[in-house]
Structures are given as C-alpha cells and as structure tokens.
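Structural overview for review
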Number of protein chains: 2
Amino acid sequence: MAKQDNKLSTKSYRGVRDFYPEDQFIQRYIFEHMEQICELFGYEEYSSSILESAELYRGKTSEEIVNEQTYTFTDRGEREVTLRPEVTPSFARMIAARYREIPFPARWYTIANCFRYERPQRGRLREHWQLNADIVGAEGAAADAEIIAIAHGVMRSLGADERNFEIHVSDRRILDAMYGVVGIEKAMYPDITRLLDRRDKIKDFEKQLSEKLGSSAQATKLVKELARTTSTAYLEELRGQLELLGVGNMVVDTKITRGFDYYTGMVFEVFDTDPANRRAMFGGGRYDNLLSLFGVDSIPAVGFAMGDVTARDFLETHNLLPKYAPSTELMLLIVEADASTHAMRLAQELRREDVTVSVNFSGKRVGDQIRQADKMKVPFIIAIGTKERESGRYTVKNISTGAEITLPADRIAEHLFSSLG
Amino acid sequence: MAKQDNKLSTKSYRGVRDFYPEDQFIQRYIFEHMEQICELFGYEEYSSSILESAELYRGKTSEEIVNEQTYTFTDRGEREVTLRPEVTPSFARMIAARYREIPFPARWYTIANCFRYERPQRGRLREHWQLNADIVGAEGAAADAEIIAIAHGVMRSLGADERNFEIHVSDRRILDAMYGVVGIEKAMYPDITRLLDRRDKIKDFEKQLSEKLGSSAQATKLVKELARTTSTAYLEELRGQLELLGVGNMVVDTKITRGFDYYTGMVFEVFDTDPANRRAMFGGGRYDNLLSLFGVDSIPAVGFAMGDVTARDFLETHNLLPKYAPSTELMLLIVEADASTHAMRLAQELRREDVTVSVNFSGKRVGDQIRQADKMKVPFIIAIGTKERESGRYTVKNISTGAEITLPADRIAEHLFSSLG
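Positions within a chain are numbered from 1, following the residues in the order the chain's sequence is written. Whichever chain is written first is A, and whichever ligand is written first is 1; the rest continue in order. For a predicted model such as this one, the threshold for reporting local features is a pLDDT of at least 70, and the threshold for listing and counting side-chain atom pairs is 80 or more; totals across whole chains, interfaces and linings nevertheless cover every residue.

Moving on, we get to the overall build of chain A. Under the scheme used here, helices are H or I runs from DSSP no shorter than 4 residues and strands are E runs no shorter than 2 residues, and both carry numbers assigned from the N terminus. Helices and strands together make up the secondary structure of chain A, namely 15 helices and 16 strands. The C-alpha radius of gyration of chain A comes to 27 Å, more than 25% above the 22 Å expected for a compact globule of 421 residues. Projecting the C-alpha coordinates of chain A onto the three principal axes gives extents of approximately 90 × 60 × 50 Å. Neighbour counting defines burial: a residue surrounded by 20 or more other C-beta atoms within 10 Å of its own C-beta is buried, one with 12 or fewer is exposed, and intermediate counts give partly exposed, using backbone-placed C-beta atoms. Expressed as a percentage of the 421 residues in chain A, the buried residues total 46%. Any pair of residues counts as being in contact when their C-beta atoms, constructed from backbone geometry, are within 7 Å of one another. Taking contacts inside chain A between residues at least 6 apart in sequence as the whole, the part at least 24 apart equals 66%. Radius of gyration: C-alpha atoms only; globule rule: 2.2 Å multiplied by the number of residues to the exponent 0.38.

Let us look at the interface of chain A and chain B. Across the contact, 76 residues belong to chain A and 76 residues belong to chain B. Counting residues per element, the side of chain A that touches chain B draws most heavily on helix α12 (residues 340–352) of chain A, at six residues. Split by residue class, the side of chain A that touches chain B holds 36 nonpolar, 24 polar and 16 charged. Classes in brief: Ala, Val, Leu, Ile, Met, Phe, Trp, Tyr, Cys and Pro nonpolar; Asp, Glu, Lys and Arg charged; the others, Gly included, polar.

Another aspect to go through is the relation of the copies chain A and chain B. Our superposition of the copies is a least-squares fit, built on the C-alpha atoms of residues whose pLDDT is at least 70 in both. Placing chain A over chain B gives an RMSD of 0.0 Å and needs a rotation angle of 180°, together with 0.0 Å of translation along the axis. Here the symmetry operator amounts to a two-fold rotation axis. Minimal C-alpha distance to the rotation axis in chain A is attained by Phe73 of chain A, lying at 3.5 Å. Looking at the interface residues of chain A, 100% of them are also at the interface in chain B, so both copies use one shared face.

Frequently, the measure chosen for interface size is the accessible area removed from exposure when the parts meet. Assigned domains within chain A: domain 1 (21–48 + 84–317) and domain 2 (330–420). Summarising the inter-unit geometry, the C-alpha centres of domain 1 of chain A and domain 2 of chain A are found 50 Å apart. What marks off one domain from the next here is an automatic or database domain assignment.

On to the UniProt feature "binding site: L-histidine" (unreviewed entry) in chain A. Residue and element names in this part refer to chain A. UniProt positions are given in the numbering used here, feature names are shortened, and annotations may be inferred rather than shown by experiment. As recorded in UniProt, the feature "binding site: L-histidine" (unreviewed entry) lies at Glu86, Val87, Thr88, Arg116, Gln130, Asp134, Arg258, Tyr262 and Tyr263. Relative to the helices and strands, Val87 resides in the loop between β4 (80–83) and α4 (88–97). Since 25 C-beta atoms lie within 10 Å of it, Val87 is described here as buried. Residues within four places of Val87 in sequence aside, it is in contact with Thr110, Ala112, Cys114, Gln130, Asn132 and Ala305. Counting through the fold element by element, Thr88 comes out in helix α4. Overall, Thr88 belongs to the buried group, with 20 C-beta atoms counted inside 10 Å. For Thr88, the residues in contact, after removing those within four places along its chain, are Asn132 and Gly303.

A few words on the packing of helix α5 (residues 141–157) of chain B against helix α10 (residues 233–244) of chain B. All names here are of chain B. Where α5 contacts α10, the axes come no closer than 9 Å and their chain directions differ by 55°. Between α5 and α10, the angle is such that the two are oblique. Remark: the crossing between α5 and α10 carries right-handed chirality. From α5, Ala141, Ala142, Asp144, Ala145, Ile148 and Ala149 reach across to α10, where they touch Tyr234, Glu237, Leu238, Gln241 and Leu242. Inter-axis angles, ranging from 0 to 180 degrees, are taken between N-to-C directions of lines fitted to C-alpha atoms, where helices are fitted over the stretch in contact. An angle below 35 degrees is treated as roughly parallel, one above 145 as roughly antiparallel, one from 65 to 115 as roughly perpendicular, and anything else as oblique. When the near helix sits turned anticlockwise from the far one by under a right angle, the crossing is termed left-handed; a clockwise turn instead gives a right-handed crossing.

Take the pairing of strand β7 (residues 165–171) of chain B next. All names here are of chain B. Burial of β7 is extensive: five of the seven residues sit out of reach of the surface. Note: two strands are recorded as paired if DSSP finds a minimum of 2 bridges between them. By the bridge criterion, seven bridges tie β7 to strand β9 (residues 266–272) in an arrangement that is antiparallel. Bridge assignment links Ser170 to a residue of β9, and that residue is Val267. Across three bridges, β7 lies against strand β8 (residues 250–252) in parallel orientation. Its bridge partner being in β8, Ile167 is matched across the sheet by Met250.

All names here are of chain B. With respect to the element layout, Gly153 can be found in helix α5. With 22 C-beta atoms counted inside 10 Å, the residue Gly153 sits in the buried group. Residues Gly153 and Glu225, 72 residues apart in the sequence, show an inter-C-alpha distance of 33 Å.

The next thing to look at is helix α7 (residues 189–197) of chain B. Helical geometry note: an α-helix holds 3.6 residues per turn, so side chains three or four residues apart project in the same direction. Residue and element names in this part refer to chain B. Turning to α7, its buried residues are Ile192, Thr193 and Leu196. Down the axis of α7, the smallest arc covering the buried residues is 100°, so these residues share one side. For α7, the elements touching its buried residues are α6 (172–182) and α8 (205–213). By construction, the arc corresponds to the directions joining the helix axis to the C-beta atoms.

Residues and elements named next belong to chain B. It is the contact of helix α1 (residues 21–40) with helix α11 (residues 308–317), at a shortest axis distance of 11 Å, that shows an interaxial angle of 100°. With respect to α11, the axis of α1 lies roughly perpendicular. Between α1 and α11, the contacting residues are Ile26, Gln27 and Ile30 on the first element and Asp308, Ala311 and Arg312 on the second. Class assignment for the residues of the contact of α1 with α11 results in three nonpolar, one polar and two charged.

Here we come to the sheet that holds strand β4 (residues 80–83) of chain B. Residues and elements named next belong to chain B. With antiparallel pairing, the three strands of this open sheet are ordered in space as β2-β4-β3. Every interior strand has two partners, whereas the edge strands, β2 (51–53) and β3 (72–74), have only one. Each strand of the sheet is rotated relative to its neighbour by a mean of 35°, with strand direction disregarded. Pairing geometry for β2 and β4, over three bridges, is antiparallel. Paired with Leu51 across the bridge in β4 is Leu83.

With that settled, the discussion passes to the confidence of the model for chain A. Looking at chain A as a whole, the pLDDT averages 92, with 95% of positions reaching at least 70. Predicted complex metrics record ipTM = 0.93 and pTM = 0.94. Per residue, pLDDT captures the predictor's confidence, and it can take any value from 0 to 100.

All names here are of chain B. Taken in spatial order, the eight strands of this open sheet run β1-β5-β6-β11-β10-β9-β7-β8, and their pairing is mixed. The open sheet has two edge strands, β1 (44–45) and β8, and neither has a second partner. Here five bridges tie β9 to strand β10 (residues 280–286), and the two strands are oriented antiparallel to one another. Within β10, the position partnered with Glu269 by the bridge is Gly283. Along the sheet face, α10 touches β7, β8 and β9 and points at about 145° away from the line of β7.

A few words on the environment of Leu158 of chain A. Structurally, the position occupied by Leu158 of chain A is in the loop between α5 (141–157) and β7 (165–171). Once the C-alpha coordinates of Leu158 of chain A and Met34 of chain A are considered, the two residues, 124 residues apart in sequence, prove to be 8.8 Å apart.

Glancing now at the environment of Tyr71 of chain A. All names here are of chain A. Within the element layout of this structure, Tyr71 appears in the loop between α3 (63–69) and β3 (72–74). Taking C-alpha positions, Tyr71 is 32 Å from Asp144, a pair spaced 73 residues apart along the chain. With residues up to four places along the chain from it excluded, the contact list for Tyr71 reads Thr82, Leu83, Phe115 and Tyr117.

Both faces of the sheet carry side chains from a regular strand, because those side chains alternate between them. Residue and element names in this part refer to chain A. Two elements, β3 and β4, share three bridges in a ladder whose sense is antiparallel. Paired with Thr74 across the strands is Glu80, a residue of β4. With antiparallel pairing between neighbouring strands as the criterion, β3 and β4 make up a hairpin whose turn holds five residues, including Glu78 at a positive phi of roughly 60°.

Below you can see the structure in the form of structure tokens.
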C-alpha cells in the first residue's frame, strides 16, 4: 500500500464530473423524461461505443477540428481512435451498415456521452451526455415537425411551459439561396456558414466576413439579405405541422445556421427565454446526404441532440430541479446486536414485496442510526429490538412527519406504498 | 461530400459493439434487473467518468498492466489519462473525496462501461458494461453476505434457478495463512496470488509456481495445503448469513483468489453450472485497505462487479433471453396522403394518454405499411382513411392474432393497455 505522503488524488480528471447519488438522481430524472418522450413518439433505443475510428469524423469535417478539438490517439494496433465528439456519425454508420434490412422510416434514440477537448467552462465540459433522436427515411415538414415536437415534449415534460423557451427555426436552403444572390462560390458555403453560426460570439463579425469573402461589398450585401429574410412557404408549412403536434412556440430566425457541415434543410435551436440564461441550449436539423458518405444511397434524415449540462442549467434557472429522494424507502435500525438476524430476515421478506430496504449495519446507537436515515433522506424507519422480535409487530415511522403506525410484517409494504403514493 | 470510392467504413472500432434496437432491448433488460435488485437492497445509484488519471491505477497495480492492458494516452495538457478498466478505484476515489460527509455504511451501485486493451475473444471485449455494487463502512459476514445476495438476486431475477449457477467463496486470509505455513515472504504474496488466480488457464502451473518461489519444495507444499483446506469458521458464519437472505448455493472453494491485489478478506466467483459454459462468470470480494491509498482512514469495503457480456452469454446458454418487443405499441397507417394530418392529431391525442405511437411516413401502400409494422414487431396498427376521418371510429388490429376491434379515439388507450397486460 502507498504511504500517506504518496497518496492518490481524490479529484476527478479535469473537465469531467463525478455523480454522487444526489447528482445521479437529477441525471436519472432528465434521462427518464427524455426516454419517455422519445418512446411516446415511437422511437426505439440503440447505442454504440464511445470509441470510433478517427476516420469517421475526418470524412465530414476538417482534420484540424479532429486533431485539436477531439480526443484522438493511436492505439497499439496503429489505429487512430477518437472518443466520439457527437453521435450523428455513429448513428449514420449503423444505419448504413444495415440499410437493406432496416424498415424506413426508422425512428431511433440514444442517450450517450460525448467528449470534446475544450477548456472547461459553464455548459461546456470535456464529457457530457446527450439525447440524440433521429428519423431516417422520411422527407418533408411532417418529419421535421416530429423531431422539433420531441425536443418540445422533453422540455414540457421537465416542467417548462411555452413561455420559458422558444424554438428558433431556419433552413439551410435559405442560406444557400442568399449565397447565390450575393454571388458566393459554392466551395465557400461551409466556411461562411460556420462563421455565421458563431456570429453572436464574434465582435468584428462583418470584418471577418469581408476577409473570408475577399469582398466587403459581398459581406455588406449578405448581412443585408440576412436581415431582410422573414419566412418561407416551407417554414410556414412546418409551423402548421407543429401546431398539429401541440407546439406553439416556433419562431422563424434566419440567424440560426448550426455549426455542422452536414445539414441540408431545416435547422433549429431551442432558446431559454429567461434574461439570466438567454441563449441557444441545443438544436438539430435535417441532413439528407450524410448516409451517402458510407457508399449507400442518399437517405433523408433529421434529428436533434440535447445535452444534460444545458438541461440541468435550464432546470436550475427556472427552479424546476426535482427534490432528491433516494431509491431506499425504508431503513431497519438495529436496537441491540442480536436483532440483526431478525432484521435481515424481515428485510428479505419485504424485498419480496418490492420494498426497497436497507439494514443499518453501523453498530451505532439508535439515535445515530435515525440521524443517518434522516441525512440520507430515507423516508421510513423501523427500529428492531426485543419487543418487535417477540411480538412480530413493527412500528413504521415517517421521519419527516413523525407519524407512526404499528403493523404486522405482511402489512408494511402496503402501508409504505400508499404513503409514498 | 466524399466520393463513392473514398467511402467510410460502416464497421465499428475493433472489439466494441453496436447495439441495434434488438440488442439494446437485451441490454436494457439486463440493466433494469440489476438496478431493481440493487435498489431492493437499499443501494443508491452513482456514476463517474470513463476518463481517469492514469495515476489512479498505478497506485495499486504494476506499471506494466497500466501500460499494456489499458487504454492510456497523454492529453494535450501532458496529463496521462486512462479509460477506466474497472470501477472500484473510481468508487474508492469518490468515497475518499467526501468521506467526512458520507454516512457509513454507504451502499452504492453503478452500471458503467469499462475498457481493456485485449485481443477480442468470447466474453472478453475491449469495451464492456458492468454492474458494480459496493458497501463501504461495514465489516463482517453480514455485509459480505449482502453483496453475495445481490449477485444471487440479479441471477434469480434474470430467470436463473439455483441449479443453474453456484457461488464459489473463499477468503484471502486463508491464502495468507497458507503462505505463512509454507514460509513465503510477504512481498511475494501479490505475485503468488495472481498466479493462483490464473491456475486453471496455465498448463505447467506447478512449474511456474516453483520458478516464482525459487523452491520446488515450497511449491509442492503450497499445492498440498491448497488441496487440504476445506472451510473456516468465518465461511460457515457467512453461509448462515446467506441462508437468512435466501441464498442456498454457496460452495466453499479455496481455489478462488481473484486477480486484483486489493482484496483482503472474502472473495467469491459465480460459476455457470451448465457443462457447455462451466466457468467463472463474475465475482467480487472484500477490500479493506483501498481507501487508505487516498490518505483517508482505512474504511472496510466489499463489493462485486457483473459484466453484460457474461450475463448475456449465460442467458443464451440457458435459453433465458427475453423476446424482443419494441417500445412502440401502435403504428398509425396512412391510407391516403391527406389522412396524414388526421393521423398526426390522433397520435398526439393518444400520446397524452401514454400510448407509444408512431405514424407511418413511408408513403407506401397499406400492405407494405402493415409488413413494416410486422417486421418491426409493433403489436397494434390502425389504418387511417376517409372512413375513419368521417366516423371518428378506428379499427385497432392486433397484428399477431389478427383480432380487430372498432373504437372511438378515447377508448383506444384503455384497449391497448388491457391487451398488453
């Protein structure tokens, strides 16, 4: 064993998180709502590994991004491996691998951890989790609306009302049309789109745009075009489809572009409307050509991703965080050492009736055992001593209300379930 | 976009798995049973990142193992990072970080993916998932028994009966006593224990043992001692505690040692009894000194880990795999294009009543839409055409039985739930 002066650090690796039970409870709360809404819309769960060939990301983005913003390393078999920075390429790979067998449209979701090599800051960690929901093999406004409705549904299920957030929608085809009007070369579209995506974060945006375009006249014209566009027939059709699905907070916003190159049509971002947190939280869009990178026919697809960090920030901002409750409903306290056998047997009996129950093994005084249950927020306790062992009747105490009831073993489960609701 | 001749591979990285919805269904089934049993015993869920400082593993095992059997790389901040090969060190780190605040004993579980740089083979992939359940701050047979009872409970909940598996139990203190009798130096204990752990996989075990000990007399004596030991008072106390918890298939087996250095007391492995798969599937043990590596007081701890790959192999061997059922209960089929709006509205109405429902966006003929629902194993369909739009009555069809019933919208949810049970 190492000596004290050589001790190991208890810190996690920089930019990642430890989830203690209280934190895991919130993760679980967020994930369960994500799952529930996806499944209501007929989406099936899938998953893939965090390890992917680095090539998967080089295919659609610059080598610079892969090398500088991802965890990429060479394994001992000389393979270049990347810790996935996003899920869409893995999803597309899996669909492409079985595209002759999969019935389309296919609706799939996953909740997956992703990695970016970034300076840790609010809302941008090195590891975060995200829901990804995608429908592949369906074109048109109905599929686009469904994806947006899932994002909306997750927000609503987490307790947000439509005043707390807005869904800003645009269309890559609007940008492409503007680029055409302004006379920008096709090869420059991705670069210009990425610059537009960072628009609000750049101070001298128009200057940078001029430099990229090599023409300040084009830059001025593009900025003017961007300001002028209001909506399109397609976006109004989308609005109608969204209304069918109960979504009433769509806003046309041609400033929305999304950073990834692979988007081809509708793009959207969900904004927090709270002045303290007013920003794009997450988004998605249509990407009709990504599958063709794998040598299969082009298959239309649309999806979105929603991260756990922004979701949790949103819940905090709007005072919507759930109150921690452990999964343990009952703790059995040991009044004297030889009650332990009796307690273990009773616990096992209650487990058969689906009660989540722990036996206090601390060996401490009963008062300390009660304080422990209280600190752990376990709602019910039963102290096991000579009286209980002899009578077979147990006093179930609700720690927070102080209410007590004395029952035989076979009535305890029923009492707990009716009290816990 | 890349050209066809430059296409991306659809294969996953070597030694990891893609989980298509049918595979994910089995993962989910295994994970949910693991979670359920842990929670019945009062264990709370936690989690940590797959990224850990390499130092965390160097603290307790050889540099050789860290460098050759783990994914370890240097990040751009010159930090050595390891993809966790196991969870116990992370668990110990988290407990140590808050050991003054956490009420002990603490019962925690996590289901986490782990990575090993190994040649992929049956049951040994580069990435696998494992349940880890640990109780920290409790000594003695009751805590040891509880951990074994959870392992037993997970197996039982997955459909195994006690004839399908055996729990082989030993104690590191037995080994230590034997090493003393044979006259082995303390510094050699870990090496000898690791060799014993691989005993069944080594052909010339006794020869290797002689070489390690530098004495064939000691080797012969140790092998004889190992064969002679039957049980101990402690192991019989453990058997009694296990019986309280309904565990009747414990077997004393002093050949069980476990590979990790950190074990200090009880060790166990769960064996498949099927002749086709007779082997140790997973295990655990007591590790009372691990926490002290972090410079905190020594805290007794016991736990186990159970992997998804061996669990799935076990279910296959014993014909216990669950039959795939998608989360989608109902598919709405579109008989003519202008029924789409009606279908989307009906779907949304049913979702409000918790029905998981998709709308078929394929645009194909109804026969093809039925075949798609059938292929996806969606149990119920409703075709939406002029008749349904005009009457507000819908024919719900069970695809596998062919049974049909015609109902108004507000009776559909009730019918589905009673049919699905």
